[in-house]
Amino acid sequence: MLPLLLSWAYGCLTTLGDAGLIGTASSSVLGPSNWLGDAALLWGVGEQLGQLAACETFTRSSGPATAWC
């Protein structure tokens, strides 16, 4: 019974360790890309510098055409 429990514990620890490494790698890749997306929303992307992403570039597909900004 002891060899079974030891091998099972080793398998669990190996799986958890590998999953932790995969999670760390994905966080290091996704973190900067999330920051770039947040920066694009905050500072805007478009033709003019300082243009707000939610204002002039937004075109409603339905409803009254009112300016939000």
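See above for the structure.
In this text, all values refer to a predicted model and were calculated from it rather than measured experimentally.

Student: Hey, could you run me through the overall build of the protein in this one?
Tutor: Helices and strands together make up the secondary structure of the protein, namely one helix and zero strands. Within the protein, buried positions represent 4% of all 69 residues. Accessible surface for the protein amounts to roughly 6,100 Å². Of this, 70% is attributable to carbon and sulfur atoms.

Student: Hey, could you run me through a nonpolar patch on the surface in this one?
Tutor: Together, Trp35, Leu36, Leu42 and Trp43 make up an exposed nonpolar region whose accessible area comes to about 530 Å². Structurally, the position occupied by Trp43 is in helix α1 (residues 2-43).

Reading guide: rules and limits
- By convention here, each chain's residues receive numbers from 1 onward along its written sequence.
- In keeping with the predicted nature of the model, local features appear solely for residues at pLDDT of at least 70, side-chain atom pairs appear and are counted solely at 80 or more, and the whole-chain, interface and lining totals rest on all residues.
- Processing note: side-chain calculations cover all non-hydrogen atoms of the structure and skip hydrogens and water entirely.
- Only runs of H or I of at least four residues qualify as helices and only runs of E of at least two qualify as strands under DSSP, and these elements are numbered from the N terminus.
- Under the scheme applied here, a residue whose accessible area is under 20% of the maximum for its type counts as buried, over 50% as exposed, and between as partly exposed, the area being computed with a 1.4 Å probe on protein chains only.
- Residue-level accessible areas treat just the shown protein chains as cover; the underlying method is Shrake-Rupley with a 1.4 Å probe.
- Only residues above 30% relative accessible area that lack a salt bridge enter a patch, with like-charged residues linked at up to 9 Å and the nonpolar side chains Val, Leu, Ile, Met, Phe, Trp and Tyr linked at up to 5 Å.
- Whenever Lys or Arg places a side-chain nitrogen within 4 Å of a carboxyl oxygen from Asp or Glu, that contact is recorded as a salt bridge.

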